[in-house]
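Report on the structure
The residues making up each chain are set out below.
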Amino acid sequence: MHDYLQVATTTETKDAAARIATALVERRLAACVQLTGPITSTYRWEGKIQSAEEWLCVAKTRRDLYELVEGTIRDLHPYKVPEIVATAVVAGSRAYLDWLDGELLPQASDHA
């Protein structure tokens, strides 16, 4: 069984979120990216507590693709320090995980 991840990032606009989502799916780095928003984020930045309206992207992928997912998000992201966090999927529907595998780049071991 492959190791699966959900990778989250937030952006300031729906358009920025959609660009990231489309790029990840087109490159087969994510099988699906869900966009949620607008949400309100409260955080400390440069010594001040701030709040901002943001859009949340959650990408479904595999652990072996994480570096490529992170690189793609960094390349397209408008923030100086974007949130990019991965959460392990500890269990999931076998049918869904099989679909996910079929939509992602194959693992190197799948070619052997």
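Below, the structure is looked at part by part. (Residues numbered from 1 in each chain as written. Predicted model: local features only at pLDDT ≥ 70, side-chain atom pairs only at ≥ 80, totals over all residues. Heavy atoms only, no water.)

The strand order across the open sheet formed by four strands is β2-β3-β1-β4, and the pairing between neighbours is antiparallel. Each edge of the sheet is formed by a strand with only one pairing partner; in this case those strands are β2 (32-45) and β4 (85-88). The average angle at which neighbouring strand axes cross in this sheet is 30°, direction not considered. Two strands pair when backbone bridges link them, and strand β1 (residues 4-11) and β4 are joined in this way by four bridges, in the antiparallel orientation. Looking at the pairing, Gln6 lines up with Thr87 of β4. On the sheet, helix α1 (residues 14-26) packs against β1, β2 and β3 (48-62) and is oriented at approximately 130° with respect to β2. (Pairing = 2+ DSSP bridges. Helix = DSSP H or I, 4+ residues; strand = E, 2+ residues; numbered from the N terminus. Axes fitted to C-alpha atoms, helices over the stretch in contact; angles between N-to-C directions. Contact = heavy atoms within 4.5 Å.)

Our next topic: the environment of Thr36. Relative to the elements of secondary structure, Thr36 occurs in strand β2. With a relative accessible area of 40%, Thr36 lands in the partly exposed category. Residues Thr36 and Thr9, 27 residues apart in the sequence, show an inter-C-alpha distance of 11 Å. (Buried < 20%, exposed > 50% of the residue type's maximum accessible area, 1.4 Å probe, protein only.)

A complete count under the given rule lists five salt bridges for this structure. For the salt bridge of Asp101 with Arg62, the shortest nitrogen-to-oxygen distance reads 3.5 Å. In this pair, Asp101 is assigned in helix α3 (residues 94-103) and Arg62 in strand β3, connecting sequence segments 39 residues apart. Take Asp101 and Arg62: they sit in the same class, and that class is buried. The salt bridge partner of Glu70 is Arg74, with a shortest N-O separation of 2.9 Å. Remark: Arg74 and Glu70 occur in helix α2 (residues 66-76); sequence separation between them is four residues, near one turn of the helix. Overall, Glu70 belongs to the buried group, its relative accessible area being 16%. (Salt bridge = Lys/Arg side-chain N within 4 Å of Asp/Glu carboxyl O.)

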